[in-house]
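Tertiary structure, described
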Amino acid sequence: MSEYDVIVVGGGNAAFCAALAAQEQGAKVVMLEAAPEDEAGGNSRFTAGSIRVVYNGVEDIKTLVPDLTQAEIDTTDFGTYTADQFFDDMARVTQHRADPDLVELLVTKSFDTLNWMREKGVRFIPIYGRQAFKIEGKFKFWGGLTVESVGGGPGLVNMLTEAAKKRGIEVRYRTRALDLITDGDRVTGVRIRHDGQVSELQSKAVVLASGGFQANPEWRTRYLGPGWDLAKVRGTRFNTGDGIRMALDIGASPCGNWSGCHAVGWEMNAPEFGDLAVGDQFQKHSYPFAIMVNATGKRFVDEGADFRNYTYAKYGRVILEQPGQFAWQIFDQKVKHLQRDEYRIRQITKVTANTIEELADKMAEYAPVDKAAFLKTVADYNAAVQRDIPYNPTVKDGRTTKGLAIDKTNWAMPLEKPPYEAYCTTCGVTFTFGGVRIDNDGRVLDTAQKPIPGLYAAGELAGGLFYFNYPGGTGLVSGSVFGKIAGTTAGKQIGRNA
């Protein structure tokens, strides 16, 4: 029977931040990663690495990216992303339901936490490829996302793994946590299974950071609703809700939007779970510059309601609700240059044609739409575009349609310049929003709202932060901020209890 000061259950960004923070307080730390080493890293490994963070100008960006070149500074308008903007975005997309204390911590600790990660060895760079457009010779960032980890999600996991091992933190792969051990008062360890053998690890504290339940189709159907067993899983196959279940089993309070999740437009023929060779490239996030139609040949959302950062995490749910659980994104050559890199991968369901009629016929080979209705949808859309309003993809330009059942409120561009392209998407679920209740120190609370001694949580399994929707890049910064908080509290508690 092994003994540690702190056991961290999980192997992604939140788990590593918790482990590094606990170790910083002098704790002996072990991490339990259910996946084998070549699949390790949780959902973090599958992300593009974008991290939302408060910054007040280029000087803050230079702090996060110390190797930023003068040429990059001269040719880039980084703008700002203030605390007030972050607060406003969180309030707006969660419909003011997010826990205000957790939001306060998320926003106010974001910049300092990323700097702390940088000091641990994590490197960041500006997101030129996906979050900046070149306007009049200068790159301009938009939508509150400006930096990402070097190497994307895999790079982030690799840098965090290196930082942990350098500091003597043990990472046990292929080790699934089964149950929490208690002495009737506090959590004293974890029962685990490694290579088929069940054993117990003793500790003075446990931090749960093992993600949501999105890879568990039974739980998805139970909590998200009928049809969610049909959704693709964007990330790891190992996030099956074990951490949440273990905490609830000993009396933790459930919290948050249990019927909600982060769900996006995803390649129609992607595999059941994420593919590390493809990463997040199955996503299809340039829809604000396209139109989307369902099997009835009709548009069903306002593609230009907001920057994709603020709509993509909820539109997957809407696609899943469509007949056949699919949608086509339609582009012409006037907007093709605005497509993100993921539209150029090999594993894609795409058709191209020189007329809209021919496009409909080719779409029918994969996922048919009502051709007559589709042709009418395109004609009506083209006629409704307010062409006198200037088109600008870096701002909400107000270039709208008028008179449609669902008007497109920004970036409306008529489909007129062939060849036309159509991309077939379905729903890809990223992570679930429901989880356990934590306080401002990362302590897990019981159903009487009292801390469970020795138990902490961070990342996707902590509920109360996201409802209905999600601002892009907030998952990683949430894991970092609350991982650091939970690990620090756990580490300090060890000293008090010693």
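Above this text sits the structure in question.
Residues numbered from 1 in each chain as written. Predicted model: local features only at pLDDT ≥ 70, side-chain atom pairs only at ≥ 80, totals over all residues. Heavy atoms only, no water.

Observations concerning the overall build of the chain
Of regular secondary structure, the chain possesses 13 helices and 22 strands. Taken over C-alpha atoms, the radius of gyration comes to 23 Å for the chain, in line with the 23 Å a tight globule of 498 residues would show. Taken along the three principal axes of its C-alpha coordinates, the chain extends 75 × 50 × 40 Å. Across the 498 residues that make up the chain, the buried fraction comes to 60%. Of the accessible surface of the chain, which amounts to about 18500 Å², a share of 48% is contributed by carbon and sulfur atoms. (Helix = DSSP H or I, 4+ residues; strand = E, 2+ residues; numbered from the N terminus. Rg over C-alpha atoms; globule rule 2.2 N^0.38 Å. Buried < 20%, exposed > 50% of the residue type's maximum accessible area, 1.4 Å probe, protein only. Areas by Shrake-Rupley, 256 points an atom, 1.4 Å probe, with all protein chains shown as cover.)

Overview of the packing of helix α4 (residues 83-93) against helix α5 (residues 100-120)
Angle between the axes and distance between the axes: these two values describe a pair of packed helices. α5 packs onto α4 with a crossing angle of 145° between their chain directions and a minimal axis gap of 10 Å. For the element pair α4 and α5, the recorded crossing hand is right-handed. Taking contact as the criterion, the partners of Ala83, Phe86, Phe87 and Met90 in α4 are, on α5, Val103, Glu104, Leu106, Val107, Thr108 and Ser110. Class assignment of the residues belonging to the contact of α4 with α5 gives a composition of seven nonpolar, two polar and one charged. (Axes fitted to C-alpha atoms, helices over the stretch in contact; angles between N-to-C directions. Left-handed = near helix turned anticlockwise from the far one by under 90°. Contact = heavy atoms within 4.5 Å. Nonpolar A, V, L, I, M, F, W, Y, C, P; charged D, E, K, R; others polar.)

Some thoughts on the nonpolar core
Val6, Leu208 and Phe482 are the most contacted members of the largest nonpolar core, which has 129 residues in total. With residues up to four places along the chain from it excluded, the contact list for valine 6 reads Ala22, Ala27, Lys28, Val29, Val30, Ala205, Val207, Ala490 and Ile494. Counting residues in each nonpolar core, the second largest holds 24 residues, with Ala353, Leu359, Val378 and Tyr420 among its members. (Core = buried A, V, L, I, M, F, W, Y, C linked by side-chain atoms within 4.5 Å.)

Some details on unusual backbone geometry
In the segment running from proline 418 into proline 419, the intervening peptide bond is cis, with an omega of 0°. Residue position: proline 419 is located in the loop between α12 (371-384) and β19 (420-432). We note that aspartate 195 has phi near 50°; this positive angle belongs to a residue other than glycine. Within the secondary structure, aspartate 195 sits in the loop between β11 (187-194) and β12 (197-208). For tryptophan 411, which is not a glycine, the phi torsion comes out positive at approximately 60°. You can see tryptophan 411 is positioned in the loop between α12 and β19. Under the relative-accessibility criterion, tryptophan 411 is labelled buried at 1%.

A look at the state of the cysteines
On inspection of all chains with the given rule, the structure shows zero disulfides. Cysteine 261 takes part in no disulfide bond, and the closest cysteine sulfur to it belongs to cysteine 427, at a distance of 6.2 Å. You can call cysteine 261 buried: its relative accessible area is 4%. (Disulfide = S-S within 2.5 Å.)

Note that every value here comes from positions in space, so none of it alone points to a role or purpose.
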